[in-house]
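Next come the chains, spelled out residue by residue.
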Amino acid sequence: MEIKKKDIRALTKDQLREFFQNQGDKAFRGNQVYEWLWNKGAHTFEDMTNLSKDTRQMLQDNFVINHIKVDVMQRSSDGTVKNAVRLHDDLIVESVLIPTKTRTTACVSSQVGCSLDCKFCATARLKRMRNLNPDEIYDQVVAIDRESRLYFDRPLSNIVFMGMGEPLMNYNNVLKAIDKITSPEGLAMSPKRIVVSTSGVPKMIKKMADDDVKFKLAVSLHSAIDEVRTSIMPFNATFPLATLREALVYWYEKTKNRITYEYVVWEGINDKRKDVDALVEFCKFAPSKVNLIEYNPIDDGIFQQAKSEAIDMYQKVLESNNITVTVRRSRGKDIDAACGQLANKE
Ligand code: SAH
């Protein structure tokens, strides 16, 4: 019977060192392999030319090297690039490169499909689900960094976990990927340039605060009224706003990092004065800012972007309460690369 080989990139450097020691070899061999895997991007054990033939064969017998493959790349008229990323088991996730004049942002996926059920999100409709491994998350970032250098002549500057999936439902792997992205052995990016966006899992927000993470937190709020939020994000029934609020206060007290609320205004759903007033109250619990994001229709017509008067009202009321608000336009709509549109159509 064939033994299922382990993905060698799931091992930490220490684990690799230990593996070689257990084989009666030098721990240092682990560092060499680690360097091949992460710094030199080796795709086969054959490539690891400073190891003996026997060692390479031994690794080959025990492990596989899983790498993502960028299958389809689409470029939008506004410069946005969407990657369809094929995983070793042939599942596909998507990631997006978003260029502006001064920045290149990578929008990466954390899961295949999503375990949550936001009514307005295309990813939520995908059935199949598994968590991405740390290397699968890291590889998406590396691929976009390469594309940024190739098309825009500059390295990647920012990362948002706003692709497919709920990052806090795959917390350990997301954390490991971020460790690699920020470490000098990886991409040496500042954690301040990384935003983890969550639909709001209170227990995990508290855990992040306890872990003293240095990246930024964004919460997809969309309504500060339980009844409304539950109707569009049903898991809010399990994690109601009071619990979310308590976790966010805890986050702020521990990290002193302000929170960004992502918020879409939909016609007839959350476009009234009472909705804004509830948001203002919610914002008072911890220093925060609000990103009003444009809705990207995903088909059925239940959700419609609110009229510009409603957006103006939100902006005016928030500002008069000294809450920073930005109105964000969507990018990459012509290639279905905008927020909430990632769903593997091909
Ligand atoms: N699960 C995480 C990250 C992925 S979604 C989260 O919920 O934050 C990234 C952002 O896109 C979230 O703010 C989400 O609410 C928003 N979004 C989802 N579908 C959308 C759509 N159709 N139009 C605009 N934004 C959408």
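Within every chain, residues take consecutive numbers counted from 1 along the sequence as written. The model is predicted, so local features are restricted to residues of pLDDT at least 70 and side-chain atom pairs to those at 80 or more, both for listing and for counting; the totals for chains, interfaces and linings are taken over all residues. Only heavy atoms go into the side-chain values, all of them from the structure, while hydrogens and water stay out.

Looking at an unreviewed UniProt entry, one finds the chain named Probable dual-specificity RNA methyltransferase RlmN, with Olleya sediminilitoris as its source organism. The record held by UniProt for the chain lists under Sequence similarities (unreviewed entry) the comment "Belongs to the radical SAM superfamily. RlmN family." UniProt positions are given in the numbering used here, feature names are shortened, and annotations may be inferred rather than shown by experiment. Recorded in UniProt under Subcellular location (unreviewed entry), the annotation for the chain is "Cytoplasm".

Our focus in this paragraph is the overall build of the chain. Helix and strand counts for the chain come out as 10 helices and 14 strands. Expected size for 346 residues packed as a compact globule is a radius of gyration near 20 Å; at 22 Å, the chain falls within 12% of this value. Per-residue accessibility, obtained with a 1.4 Å probe over protein chains only, is compared with the maximum for each type, and a residue is labelled buried under 20%, exposed over 50%, and partly exposed between these values. Scored against the burial criterion, the 346 residues of the chain give a buried share of 53%. Nonlocal contacts in the chain, meaning residues at least 24 apart in sequence, comprise 65% of its contacts between residues at least 6 apart. Using a 1.4 Å probe, the Shrake-Rupley method yields the accessible areas, and only the shown protein chains count as cover for residues. Surface summary for the chain: the accessible area is close to 16500 Å², and the carbon and sulfur share equals 50%. Here the chain contributes 51 positive and 47 negative side-chain charges, whose respective centroids are spaced 3 Å apart. Numbering of helices and strands runs from the N terminus, with a helix taken as a DSSP run of H or I at least four residues long and a strand as a DSSP run of E at least two residues long. Here the globule rule is a power law, 2.2 Å times the number of residues to the power 0.38, and the radius of gyration is based on C-alpha atoms. Only heavy atoms enter the contact rule, under which two residues are in contact if any of them lie within 4.5 Å. Charge counting follows a simple rule: Lys and Arg are positive, Asp and Glu are negative, and His as well as the terminal groups are ignored. By convention, the charge on Lys lies at NZ, on Arg at CZ, on Asp at CG and on Glu at CD.

With numbering matched to this structure, UniProt assigns "active site" (unreviewed entry) to Glu94 and Cys339. Tracing the sequence through the fold places glutamate 94 in strand β5 (residues 92–99).

Let's shift gears to the side chain of serine 288. Of note, serine 288 is situated in strand β13 (residues 288–293). Its relative accessible area of 11% is what places serine 288 among the buried residues. Polar contact criterion, stated in full: a pair of N or O atoms within 3.5 Å, where within protein one must be able to donate a hydrogen and the other to accept it, and residues adjacent in sequence count only if both atoms are side-chain atoms. In this structure the side chain of serine 288 is engaged in a polar contact, spanning 3.4 Å, whose partner is the backbone oxygen of cysteine 283.

For this description, a residue counts as near a given molecule or strand if any of its non-hydrogen atoms is within 4 Å of it. Taken together, 21 residues are adjacent to the ligand, and Phe120, Ser197, Ser220, His222 and Asn296 come closest. Relative to its unbound accessible surface of 530 Å², the ligand loses 96% to contact with the protein. Each residue receives one of three labels: charged for Asp, Glu, Lys and Arg, nonpolar for Ala, Val, Leu, Ile, Met, Phe, Trp, Tyr, Cys and Pro, and polar for the others, Gly being one of them. Of the residues contributing to the shell around the ligand, the split by class is nine nonpolar, nine polar and three charged.

So, on to helix α4 (residues 134–152). With 19 residues, α4 should cover 27 Å at 1.5 Å per step; its first-to-last C-alpha distance of 27 Å lies within 8% of that length. α4 sits mainly inside the fold: 14 of its 19 residues count as buried. Positioned one or two residues after α4, aspartate 153 has a phi angle of 60 degrees, which is positive. To estimate the expected span of a helix, subtract one from its residue number and multiply by 1.5 Å.

So, on to the nonpolar core. What is meant by a nonpolar core is a set of buried Ala, Val, Leu, Ile, Met, Phe, Trp, Tyr and Cys residues, joined one to another through side-chain atoms within 4.5 Å. Counting 85 residues, the largest nonpolar core has Met48, Leu59 and Ile159 as the members making the most contacts within it. Those residues in contact with isoleucine 159, other than ones at most four positions away along the chain, are Ala106, Val108, Val141, Ile181, Met189, Arg193, Ile194 and Val195. One finds Cys114, Leu116, Ile293 and Phe303 within the second-largest nonpolar core, a separate group that totals 17 residues.

Here the focus is the state of the cysteines. The criterion for a disulfide is a pair of cysteine sulfur atoms lying within 2.5 Å. Inspection of the entire model under this criterion finds zero disulfides. Cysteine cysteine 114 is unpaired, with the sulfur of cysteine 121 as its nearest cysteine sulfur at 6.6 Å. The thiol of cysteine 118 is not disulfide-bonded; the next cysteine sulfur, from cysteine 121, is found 6.1 Å away. Cysteine 118 sits in the buried class, given a relative accessible area of 12%.

A pair of strands counts as paired when DSSP detects no fewer than two bridges linking them. Strands sit in the order β3-β4-β5-β6-β9-β10-β11-β12-β13-β14 across an open sheet of 10 strands; the sheet is mixed. Unpaired on one side and paired on the other, β3 (69–75) and β14 (324–328) mark the two borders of the sheet. The average undirected angle you get between the axes of adjacent strands in this sheet is 20 degrees. Bridge analysis of strand β11 (residues 216–220) against strand β12 (residues 259–263) gives three bridges, and the strand direction is parallel. Axis angles are defined between N-to-C directions and span 0 to 180 degrees, where every axis is a line fitted to C-alpha atoms and, for a helix, only to the segment in contact.

The subject of this paragraph is the environment of arginine 229. Mapped onto the elements of the fold, arginine 229 is located in helix α7 (residues 226–232). For the pair arginine 229 and proline 240, spaced 11 residues apart in the sequence, the C-alpha separation amounts to 8.7 Å. Excluding residues within four positions of it along the chain, arginine 229 makes contact with Ser199, Ser220, Leu221, Ser223, Pro234, Phe235, Asn236, Leu241 and Leu244. Of the polar contacts made by the side chain of arginine 229, one reaches the backbone oxygen of serine 199; its length is 2.7 Å.

All right, on to the packing of helix α6 (residues 202–210) against helix α8 (residues 241–255) then. Contact pair α6 / α8: the axes reach a minimum separation of 8 Å and the direction vectors enclose 5 degrees. With respect to each other, α6 and α8 are oriented roughly parallel. For the pair α6 and α8, contact is made by Pro202, Ile205, Lys206, Met208, Ala209 and Asp210 and by Thr243, Leu244, Glu246, Ala247, Leu248, Tyr250, Trp251, Lys254 and Thr255, respectively. Counted by class, the contact of α6 with α8 contains nine nonpolar, two polar and four charged residues. Roughly parallel means an angle under 35 degrees; roughly antiparallel means over 145; roughly perpendicular covers 65 to 115; every other angle is labelled oblique.

Most of β12 is tucked away, with five of its five residues classed as buried. Side chains of β12 alternate between two faces, with Ile259, Tyr261 and Tyr263 and Thr260 and Glu262 buried alike. Relative to β13, β12 runs parallel, the two sharing five bridges. By the bridge assignment for β13, isoleucine 259 is matched with serine 288.

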